[in-house]
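Take a look at the letters that make up each chain.
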Amino acid sequence: MKRLIAFGLLLCTFGMFIHGQELQLQSFYSKTVMGLQQGYGVRFVNDKALGVGFIYQRTVKRQVIKGGSLYPFWGVELAIPIKRCGDLRFTFLPKLGLVSNQFLVVIPEVETSFKLNRWLSAGLITGIRAREASNGLKLTIHI
Amino acid sequence: MKKYLYILLVPWLLLPLYSCEEAIVEPYEQFIIPKGTHSRGFRAQTLQASSLRFDVIFDETAVYETQTIENQHDINKLYGFSDCNSPHHTHSARFGWRWLDGNLEIHAYVYASGERITEFIGIVPLNEPRAYDLTLSDSHYHFHLQGYDPVSIARKSSCNRGLYYMLFPYFGGNEVAPHDIVIQILTKY
């Protein structure tokens, strides 16, 4: 799995240099039914704001009950633009990946992001995790 | 420069992530099996950890009498999951229940390579929560009902990575629910 992700990352980086895509680095916190999860990601976005990325997230350790799982999630995400109003963007983010390197899950999310400057944007994320609502905050660095 | 002022908004945006105290009442989800049906319909959800822990409350609606006497021995399904990338009639593990001889019995209910295996676990009272734990290991399904010894049944699926879909309350057996049946479940993460 990790090799596959590394290969995908390499391929996307190569594609980015050829087609002039944008690279985005993401850091986020999301409040889910499994507790507060912390995550990181890298996303490649083309000139039509369509993107593909790799995500890692897991429950913040101090929130986990004794013997409970951290629900570590590795996966890919698609970024599909819904609407853009000036610096405000609405994006649909379906994620697909493995929890605990074993359980296949789909996490649909919607991101509302506001571009603070050329390099930085902040956003709210709302989604569905295990049939329960999740919400969180995201900071994105545009490279 | 004005745009940098938006950074000042960040602490306010962080507020939704902060809770002052834990919720006092834990929300049980109510599953109603309508009269004349086996279940309340399709529901898509996947397992996200190797252990499925939950509390269940049965009430008086769990008392029933089947039309055919032999069907009273049929085991209704409570909660569980299909095993890795398999249909649930091939590989799955669930808790089962039935009303028999004035008691609400809880059983382990497993399909392993298409073979159905059941084992009695214990008896639970009505209107009182009981904790259940169904854990998946490489070789076994481990069932644990609060107050009873754990029961383990061999797992025959060699698949490990993939889709494990959840299985929800289902009445039957052969017969449909003789009246509305209400089961309250609280899944713990």
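Thresholds applied
Residue indices follow the written sequence of each chain, beginning from 1 at its first position. Throughout, the order in which chains and ligands are written sets their labels, letters from A for the former and numbers from 1 for the latter. Note on the predicted model: pLDDT of at least 70 is required for a residue's local features to be given, and 80 or more for side-chain atom pairs to be given and counted; whole-chain, interface and lining totals, by contrast, use all residues. In computing side-chain properties, one takes all heavy atoms of the structure into account and sets aside hydrogens as well as water. Runs of H or I in DSSP of at least four residues are treated as helices and runs of E of at least two as strands, each being numbered from the N terminus. For the accessible areas, the method is Shrake-Rupley and the probe is 1.4 Å, while residue cover comes only from the protein chains on display. The criterion for strand pairing is that DSSP finds at least two bridges linking the strands in question. Axis lines are fitted to C-alpha atoms, over the contacting stretch for helices. Their N-to-C directions set the angle, which ranges from 0 to 180 degrees. The classification of residues rests on relative accessible area computed with a 1.4 Å probe and restricted to protein chains. Under 20% of the type maximum is buried, over 50% is exposed, and intermediate values are partly exposed. By convention in this document, the label disulfide applies to cysteine sulfur atom pairs within 2.5 Å. In this analysis, two residues are considered to be in contact whenever any of their non-hydrogen atoms come within 4.5 Å of each other. Accessible area that two parts lose when put together, evaluated with a 1.4 Å probe and summed over both, is termed the buried area. Note on definitions: salt bridges are taken to be side-chain nitrogens of Lys or Arg within 4 Å of carboxyl oxygens of Asp or Glu. In protein, a polar contact means a hydrogen-donor-capable atom and an acceptor-capable atom, both N or O and within 3.5 Å, with residues adjacent in sequence counting only if both atoms are side-chain atoms; elsewhere, any N or O pair within 3.5 Å suffices. Any two rings among Phe, Tyr and Trp, with Trp reduced to its six-membered ring, count as a pair given centres within 6.5 Å; such a pair is stacked if its planes are under 30 degrees apart, edge-to-face if over 60, and tilted if neither. What is meant by a nonpolar core is a set of buried Ala, Val, Leu, Ile, Met, Phe, Trp, Tyr and Cys residues, joined one to another through side-chain atoms within 4.5 Å.

1. Some points on the overall build of chain A
Reasoning step 1: In terms of regular secondary structure, chain A is built from one helix and eight strands.
Reasoning step 2: Element order for chain A, N to C, with α for helix and β for strand: α-β-β-β-β-β-β-β-β.
Reasoning step 3: For chain A, the computed accessible surface area is about 7600 Å², with 65% contributed by carbon and sulfur atoms.

2. Focus: the sheet that holds strand β1 (residues 29-33) of chain B
The strands making up a sheet associate through hydrogen bonds between their backbones, and the pairing can be parallel or antiparallel.
All names here are of chain B.
Reasoning step 1: Judged by pairing direction, the sheet is antiparallel, and its six strands sit side by side in the order β1-β11-β2-β7-β8-β9 without closing on themselves. Bordering the open sheet on either side are β1 and β9 (151-154), each of which pairs with just one other strand. Direction aside, neighbouring strands of the sheet carry axes that sit 25° apart on average.
Reasoning step 2: Direction of pairing for strand β2 (residues 51-58) relative to strand β7 (residues 130-136): antiparallel, over a ladder of six bridges. For Leu52, the partnering residue across the bridge sits in β7 and is Leu134.

3. Here's the deal with the sheet that holds strand β6 (residues 115-124) of chain B
Reasoning step 1: Pairing in this open sheet of five strands is antiparallel, and the strands run β6-β5-β4-β3-β10 (chain B) from one edge to the other. Of all the strands in the sheet, just β6 and β10 (166-167) of chain B have a single pairing partner and so form its edges.

4. Observations regarding unusual backbone geometry
Reasoning step 1: Each neighbour pair has its own omega, and for Gly172 of chain B with Gly173 of chain B the value is -5°, a cis peptide bond.
Reasoning step 2: Within the chain, Asn101 of chain A stands out as a residue other than glycine whose phi angle is a positive 55°.
Reasoning step 3: Looking at the secondary structure, you find Asn101 of chain A in the loop between β5 (88-99) and β6 (103-115).
Reasoning step 4: Not every positive phi belongs to a glycine, and Ser113 of chain B is a case in point at roughly 50°.
Reasoning step 5: Examined against the element boundaries, Ser113 of chain B turns out to sit in the loop between β5 (103-112) and β6.

5. Some points on the environment of Leu139 of chain A
Reasoning step 1: With respect to the element layout, Leu139 of chain A can be found in strand β8 (residues 132-142).
Reasoning step 2: Judged by its relative accessible area of 40%, Leu139 of chain A is partly exposed.

6. A word on the state of the cysteines
Residue and element names in this part refer to chain B.
Reasoning step 1: Taken as a whole and assessed by the stated rule, the structure comprises one disulfide over all chains.
Reasoning step 2: The residue that forms a disulfide with Cys84 is Cys159, at a sulfur-sulfur distance of 1.9 Å. Within this pair, whereas Cys84 is found in the loop between β3 (76-82) and β4 (92-100), its partner Cys159 is found in the loop between β9 and β10, the two being separated by 75 residues in sequence.
Reasoning step 3: Among the residues examined, Cys84 registers a relative accessible area of 2% and is labelled buried.

7. Some words on the interface of chain B and chain A
How big an interface is tends to be reported as the loss of accessible area on association of its parts.
Reasoning step 1: Taken together, the contact between chain B and chain A spans 25 residues of the former and 26 residues of the latter.
Reasoning step 2: Buried area between chain B and chain A, both sides added, is near 2500 Å², and the carbon and sulfur share of it is 60%.
Reasoning step 3: Seen at the junction of chain B and chain A, the total is zero salt bridges.
Reasoning step 4: Seen at the junction of chain B and chain A, the total is seven residue pairs in polar contact (both at pLDDT 80 or more).

8. As for the packing of aromatic side chains
Residues and elements named next belong to chain B.
Reasoning step 1: Taken as a whole and assessed by the stated rule, the structure comprises 16 aromatic pairs over all chains.
Reasoning step 2: Taking 4.7 Å as the distance between ring centres and 85° as the angle between the ring planes, the aromatic pair formed by Phe54 and Tyr79 counts as edge-to-face. One end of the pair, Phe54, is in strand β2; the other, Tyr79, is in strand β3, and 25 residues separate them in sequence. Per residue, the accessibility class of Phe54 equals that of Tyr79, and both read buried.
Reasoning step 3: Pairing Phe58 with Trp97 gives two aromatic rings, centres 5.2 Å apart and planes at 50°, and the pair type is tilted. Taken together, the residues span a long stretch of sequence, with Phe58 in strand β2 and Trp97 in strand β4 at a distance of 39 residues. Here Phe58 and Trp97 have matching classes, each one buried.

9. Examining the nonpolar core
Residues and elements named next belong to chain B.
Reasoning step 1: If you look at the biggest cluster of nonpolar residues, it comprises 52 residues, and the most contacted ones within it are Phe58, Leu78, Trp97, Ile106, Tyr132 and Phe143.
Reasoning step 2: Ranked by residue count, the leading element in this core is β5, at five residues.
Reasoning step 3: The contact partners of Leu78, leaving out residues within four places of it in the chain, are Phe54, Val56, Phe58, Phe95, Gly96, Trp97, Tyr132, Leu167, Phe168, Pro169, Ile183 and Ile185.

10. Looking at the pattern of salt bridges
Side chains carrying opposite charge are able to pair once their charged atoms draw close together.
All names here are of chain A.
Reasoning step 1: A full pass over the atoms with the stated rule returns eleven salt bridges over all chains.
Reasoning step 2: Glu111 serves as the salt-bridge partner of Arg43, at 3.1 Å between the closest nitrogen and oxygen. Remark: Glu111 occurs in strand β6 and Arg43 occurs in strand β2 (residues 35-45); sequence separation between them is 68 residues.
Reasoning step 3: For Arg43, a relative accessible area of 4% puts it in the buried group.
Reasoning step 4: The class for Glu111 is buried, based on a relative accessible area of 4%.
Reasoning step 5: One network of salt bridges, with partners in common, ties together Arg43, Glu77, Glu111 and Lys138.

11. Here's the deal with the side chain of Gln37 of chain A
Residue and element names in this part refer to chain A.
Reasoning step 1: Inspection of the secondary structure puts Gln37 in strand β2.
Reasoning step 2: Of the polar contacts made by the side chain of Gln37, one reaches the backbone oxygen of Tyr71; its length is 3.4 Å.
Reasoning step 3: Filtering out sequence-adjacent residues up to four positions away, Gln37 remains in contact with Phe28, Tyr29, Ser30, Thr32, Gln57, Arg58, Thr59, Val60, Leu70, Tyr71 and Arg129.

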